[in-house]
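# Architecture and fold: a report
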Amino acid sequence: MNRILIVEDELHLAEGLRFNLEAEGYEVTVTESGEGALDLLLEKRRTFDVIVLDVMLPGKDGFTVMAELRQAGQYVPTLMLTARGHPDDVLRGFAAGADDYLTKPFELPILIARIRGLLRRREWLVASLAGSAPPPSQFVFGDKTLDWERQELRVRNEVFPLTLMEMNVLRYLVEHRDKNVARKKMLEEVWGLHEDTDTRAIDNFIVRLRKYLEDDPAKPRHLQTVRGVGYRFVPFP
Ligand code: CA
């Protein structure tokens, strides 16, 4: 049975979700605060298959919780609940390490579909690690290997686990390697954002990827900024 952790302080909403997700066959745990989530995941080492994480929480907010989980090496797929009318929250969420998002208020069937999507990608990953899938697909450039199936970047002896969204961005950049990609185009094709989003917010995300990809993140060679346009990924500079 798949286990879901709901982090939400609006208890009527949290309990409504619990009721409906249990009816779908999930095992549901609810916590009202970010501190509660960190305690369950990092201290008590409870395991979950998906986290539904609200942004607006008392104490630590969802962005902080997300960032602390990823920093601690906790990569459970996470769906963030953001407020409508704050498109930049979506990018902040992805920059913190979220895998998907939904704006409040949302329709329950949409939430359930998104949770299924995260579980499917996770199951596919687990199956490929167990050796039941074709050989791992990788993109190798220099001393770096992007491993799509293991969901990681290997740089010499270092391994950087990647979130699903980081993988999507890197896959997009690899598919468009050696070409200029516009920020707006990336927002549309990778994040599915068609709103009038401040495209500069994507830059925070790129800064994070550079920390993994670049020998000197301050002087990027692979993930170059194209002034006035966006970015260009150059595997062999
Ligand atoms: Ca809330």
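Structure's up top.
Bear in mind that the values here come from a model prediction, so they are computed numbers and not experimental data.

### Structural notes on the overall build of the chain
Along the chain, the regular secondary structure elements total 8 helices and 12 strands. By the burial criterion, 49% of the 237 residues in the chain qualify as buried. If you take every contact in the chain between residues at least 6 apart in sequence, the share linking residues at least 24 apart comes to 56%. Summed over its atoms, the accessible surface of the chain is roughly 11700 Å², and 50% of this surface lies on carbon and sulfur atoms.

### Overview of the pattern of salt bridges
With the rule as written, the count across this model stands at 21 salt bridges. Across the pair Glu22 and Arg18 runs a salt bridge, and its minimum N-O distance is 3.9 Å. Of the two residues, Glu22 and Arg18 both sit in helix H1 (residues 11-23), 4 residues apart, roughly one turn of that helix. Here Arg18 falls in the partly exposed class, since its relative accessible area comes to 23%. With its nearest N and O atoms 4.0 Å apart, the salt bridge here joins Lys219 to Asp216. On the accessibility criterion, Lys219 (62% relative accessible area) is exposed. Each of Glu8, Glu10, Asp54 and Lys104 takes part in a single network of salt bridges with overlapping partners.

Rules and cut-offs
- Residues numbered from 1 in each chain as written.
- Predicted model: local features only at pLDDT ≥ 70, side-chain atom pairs only at ≥ 80, totals over all residues.
- Heavy atoms only, no water.
- Helix = DSSP H or I, 4+ residues; strand = E, 2+ residues; numbered from the N terminus.
- Buried < 20%, exposed > 50% of the residue type's maximum accessible area, 1.4 Å probe, protein only.
- Contact = heavy atoms within 4.5 Å.
- Areas by Shrake-Rupley, 256 points an atom, 1.4 Å probe, with all protein chains shown as cover.
- Salt bridge = Lys/Arg side-chain N within 4 Å of Asp/Glu carboxyl O.

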